Amino acid sequence: MNGATVRITLNGRPFEVEEGCSVAAAVARLGVPFRHSVRGEPRMPLCGMGVCFECRVCIDGVAGQRACMVPVRAGMQVTTDG
Amino acid sequence: MAERYDVLVAGAGPAGLAAAQAAAAQGARVAVLDAQPRAGGQVWRHDIRHAPSSRAARSIRAGLERPIAWMPGTSVVAAEGDALLVQTPNAAQWLRYRSLVIATGARELLLPFPGWTLPGAVGAGGAQALAKQGWPLAGKRVVVAGSGPLLLAAGATLRKHGAIVLAICEQAEAAALRGFAAGLWRWPGKLLQAAQLRLQLAGVPYRAGTVVRRALPGPNGDALRAVEIESPRGPEKLACDRLAVGYGLLPNMELAHLLGCATRSHGAHAAVQVDARQRTSLDRVYAAGEACGIGGVDCARLEGSIAGLAATDTEVPVNLLRQRDHARAFAASVQRTFDLRPPVRALADADTLVCRCEDVTLGMLAGHADFRGAKLATRCGMGACQGRICGAALAELGRFPQAGCRPPLFPARLSTLAHSESNA
């Protein structure tokens, strides 16, 4: 680990996050659900490897992306559904 | 225009990397694709804070050495003839092949139980993967549960990332584990690995014959705060922040199903049927590693090498075949030891959600004879994951056998689908 960070925007707020971490790991710092289920339950990632789709968020305007599959990039804008 | 390769390898885990290396050594034009942004598969998943083992680093380097074309973040969407339609991070493309190696690996078997949808409940392998991706775990109290050797590996990774591992709860009974340990001398490498993991987990209770019956929320109901376990000592409640629970692994079969490869039963699931040289039922299509049945990293490496040689019409050394058989024998021993006991399949009650995407409970599925009927009536398996989680869980619970796959294999961009018309 080299301690480098990148600046991204999570739900409109700027954050410094570890370079190389996934969007899922970055969003986890917010302490809010990634999405809400059909019945309105809060949900967070389950499989960590792109199978369960529970971690889907909107990245740079593209909805439904699996946060565990995408490494953070400087300037990235991420929004959760809740 | 479709790009054409002598050998196309789907999956950049140990099996795929070994296949690519073996094929490239024969002078073949090779491409390797993987849905993940980095090579290594799950077992050699890149850890953002800790350096990889030298073996993993070496294998990944060798498997992607030029002139091998490496396509990260690339998923197979559809297939036609001798070509695959893939979606890359920015585009779509047809890839044609003379030989194809299916090295799609495994996923975790996640089974429903009351509370498993609470934030804080994750897969055991899932928790490990997320930890390596930088998921914050420092000071979190974690219960690791489920079944199989992965629990030790997950526990060790979580601890390395600062988690307080309260216990490892293994559903297999102590007698089965003792029998397994007694036979480990046949695989000295595995024995060493098990000893190393135990050392890394010094002080963490390893509890046999123990299952998590329920995950419980805190007072405001929105996150996991405790689990209820059932062990030979009776029921107990453990306060914790995270539950990492997984019941072993099962082959990723989407691509094999899409192509129409013959399969064999792998417990309640399917695995690709291959011959001694990793040939599937389809001409010039090979499979290696976990897709052929859960066998672990050594088995995957050996099968990958065999597949890479076979795919380039190269003689496979007898020694390699023998080593593979020995590695497969270990896999069979693991399978026997960690065979799921009936209480695990009885954890979900009528109110437990089975389909997390569409919020379908087990009770809502009563009266449906097959998955198709259940899907049409309840939307079970119709959500974003396309039944990847609930389909496997229901098969394991003995409800519905799993059906095949139809393209697109995962939700794809419209531009990708439009590209499917242009297979030149």
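For the structure itself, consult the block above.
Please read these numbers as outputs of a predicted model, since none were measured by experiment.

**Focus: the overall build of chain B**
Turning to step 1, where the next piece is worked out: Looking only at helices and strands, chain B has 13 helices and 21 strands in total.
Turning to step 2, where the next piece is worked out: By residue count, 57% of the 424 residues in chain B fall in the buried class.
Turning to step 3, where the next piece is worked out: The contacts of chain B with a sequence gap of at least 6 include a subset with a gap of at least 24, amounting to 65%.
Turning to step 4, where the next piece is worked out: Carbon and sulfur atoms provide 53% of the accessible area of chain B, an area that totals close to 17,300 Å².
Turning to step 5, where the next piece is worked out: Averaged over its 47 positive side-chain charges, chain B has a centre that lies 5 Å from the centre of its 32 negative ones.

**Points about the interface of chain A and chain B**
Turning to step 1, where the next piece is worked out: If you look at the interface, chain A gives 33 residues, while chain B gives 36 residues.
Turning to step 2, where the next piece is worked out: Carbon and sulfur atoms supply 62% of the area that chain A and chain B bury against each other, a total of about 2,900 Å² over both sides.
Turning to step 3, where the next piece is worked out: Contact with chain B buries surface across chain A, with A:Leu46, A:Met49 and A:Val51 losing the most and accounting together for 23% of the total.
Turning to step 4, where the next piece is worked out: Here chain A is connected to chain B by three salt bridges.
Turning to step 5, where the next piece is worked out: A salt bridge links B:Arg49 to A:Glu18; the nearest nitrogen and oxygen atoms lie 2.5 Å apart.
Turning to step 6, where the next piece is worked out: The tally of links between chain A and chain B comes to 14 residue pairs in polar contact (both at pLDDT 80 or more).
Turning to step 7, where the next piece is worked out: Looking at the side of chain A that touches chain B, the elements that each hand over two or more residues are helix H1 (23-28) and strand E4 (42-43) of chain A.
Turning to step 8, where the next piece is worked out: Top contributing element to the side of chain A that touches chain B by residue count: H1(A), with three residues.
Turning to step 9, where the next piece is worked out: Class assignment of the residues belonging to the side of chain A that touches chain B gives a composition of 19 nonpolar, four polar and ten charged.

**Regarding the pattern of salt bridges**
Turning to step 1, where the next piece is worked out: Here the structure, examined in full by the defined rule, presents 30 salt bridges over all chains.
Turning to step 2, where the next piece is worked out: A salt bridge links A:Arg7 to A:Glu16, with the shortest nitrogen-to-oxygen separation between them at 3.2 Å.
Turning to step 3, where the next piece is worked out: Given a relative accessible area of 42%, A:Glu16 falls into the partly exposed group.
Turning to step 4, where the next piece is worked out: Here the salt bridges do not stand alone but share partners, grouping A:Arg35, A:Arg39, A:Glu41, A:Arg43, A:Glu54, B:Arg356 and B:Asp359 into one network.

**Here's the deal with the packing of aromatic side chains**
Turning to step 1, where the next piece is worked out: Evaluation of the coordinates by the stated rule reveals five aromatic pairs over all chains.
Turning to step 2, where the next piece is worked out: An angle of 20° between the planes, with centres 6.1 Å apart, marks the rings of A:Phe34 and B:Trp135 as stacked. Taken together, the residues span two chains, with A:Phe34 in the loop between H1 and strand E3 (35-36) and B:Trp135 in the loop between helix H3 (124-132) and strand E9 (141-146).
Turning to step 3, where the next piece is worked out: Ring plane angle 25° and centroid distance 5.9 Å describe the contact between B:Phe371 and B:Phe400, whose orientation is recorded as stacked. Pair noted here: B:Phe371 is in helix H11 (residues 371-378) and B:Phe400 is in the loop between helix H12 (388-396) and helix H13 (414-419), with a separation of 29 residues, a long-range link. Across the pair, exposure class does not vary: B:Phe371 and B:Phe400 are buried alike.

**Description of the nonpolar core**
All names here are of chain B.
Turning to step 1, where the next piece is worked out: Formed by 52 residues in total, the largest nonpolar core has its most connected members in Phe-113, Leu-224, Val-227, Leu-243, Tyr-247, Cys-380 and Leu-394.
Turning to step 2, where the next piece is worked out: Going through the elements one at a time, E9, strand E10 (164-170), strand E12 (211-217), strand E13 (224-231), strand E15 (242-246), strand E20 (353-355), H11 and H12 are the ones with two or more residues in this core.
Turning to step 3, where the next piece is worked out: For this core, the element with the highest residue contribution is H12, accounting for five residues.
Turning to step 4, where the next piece is worked out: The contacts of Leu-224, once residues within four sequence positions are left out, are Leu-118, Pro-119, Gly-120, Ala-121, Ala-215, Leu-216, Pro-217, Cys-240, Asp-241, Arg-242 and Leu-243.

**Brief notes about the pairing of E10(B)**
Residue and element names in this part refer to chain B.
Turning to step 1, where the next piece is worked out: Among the seven residues in E10, five count as buried, and that is most of the element.
Turning to step 2, where the next piece is worked out: Pairing of E9 with E10 involves six bridges; the strand directions are parallel. In the strand pairing of E10, Val-143 is matched with Ala-167.
Turning to step 3, where the next piece is worked out: In this fold, the crossover linking E9 to E10 by way of helix H4 (residues 150-160) has right-handed handedness.
Turning to step 4, where the next piece is worked out: Note: E10 against strand E11 (residues 206-207), two bridges, orientation parallel. From the neighbouring strand, Ile-168 faces E11, where its bridge partner is Tyr-206.

**A short note on H11(B)**
All names here are of chain B.
Turning to step 1, where the next piece is worked out: Of the positions making up H11, those classed as buried are Phe-371, Ala-374 and Thr-378. Projected down its long axis, H11 carries its buried residues within an arc of 65°, all on one side. Among the exposed residues of H11, those oriented more than 90 degrees off its buried face are Arg-372, Leu-376 and Ala-377.
Turning to step 2, where the next piece is worked out: Packing partners of the buried residues in H11 comprise strand E21 (360-361) and H12.
Turning to step 3, where the next piece is worked out: Arg-379 sits one or two positions beyond H11 and adopts a positive phi of about 70°.

**What about unusual backbone geometry?**
Residue and element names in this part refer to chain B.
Turning to step 1, where the next piece is worked out: The omega torsion across Arg-66 and Pro-67 is 10°, close enough to zero to call that bond cis.
Turning to step 2, where the next piece is worked out: Along the chain, Pro-67 falls in the loop between helix H2 (54-63) and strand E3 (69-71).
Turning to step 3, where the next piece is worked out: With an omega dihedral of -5°, the bond running from Pro-407 to Pro-408 counts as a cis peptide bond.
Turning to step 4, where the next piece is worked out: In this fold, Pro-408 is placed in the loop between H12 and H13.
Turning to step 5, where the next piece is worked out: Here Arg-379, not a glycine, exhibits a phi torsion of approximately 70°, which is positive.
Turning to step 6, where the next piece is worked out: When you line up the elements, Arg-379 lands in the loop between H11 and H12.
Turning to step 7, where the next piece is worked out: Positive phi, normally seen in glycine, also occurs at Gln-386, with a value near 55°.

**Comments concerning the sheet that holds strand E14 (residues 234-239) of chain B**
Residues and elements named next belong to chain B.
Turning to step 1, where the next piece is worked out: Reading across the sheet, the three strands line up as E12-E13-E14 and stay open at both edges, with antiparallel pairing between neighbours. The sheet is open, and its two edges are formed by E12 and E14, each paired on a single side. Each neighbouring strand pair of the sheet contributes to a mean axis angle of 25°, computed without reference to strand direction.
Turning to step 2, where the next piece is worked out: Bridge count between E13 and E14: six bridges; the pairing is antiparallel. Each bridged residue has a counterpart across the sheet, and for Ala-226 the counterpart in E14 is Ala-239.

Cut-off values and rules
Residues numbered from 1 in each chain as written. Chains lettered and ligands numbered in written order. Predicted model: local features only at pLDDT ≥ 70, side-chain atom pairs only at ≥ 80, totals over all residues. Heavy atoms only, no water. Helix = DSSP H or I, 4+ residues; strand = E, 2+ residues; numbered from the N terminus. Buried < 20%, exposed > 50% of the residue type's maximum accessible area, 1.4 Å probe, protein only. Contact = heavy atoms within 4.5 Å. Areas by Shrake-Rupley, 256 points an atom, 1.4 Å probe, with all protein chains shown as cover. Lys, Arg positive; Asp, Glu negative; His and termini not counted. Charge placed at Lys NZ, Arg CZ, Asp CG, Glu CD. Buried area = accessible area lost by both parts, 1.4 Å probe. Salt bridge = Lys/Arg side-chain N within 4 Å of Asp/Glu carboxyl O. Polar contact = N/O pair within 3.5 Å; in protein donor to acceptor, adjacent residues only side chain to side chain. Nonpolar A, V, L, I, M, F, W, Y, C, P; charged D, E, K, R; others polar. Phe/Tyr/Trp six-rings, centres within 6.5 Å; stacked < 30°, edge-to-face > 60°. Core = buried A, V, L, I, M, F, W, Y, C linked by side-chain atoms within 4.5 Å. Pairing = 2+ DSSP bridges. Right-handed = clockwise from strand over helix to strand, strands pointing away. Arc of directions from axis to C-beta. Axes fitted to C-alpha atoms, helices over the stretch in contact; angles between N-to-C directions.

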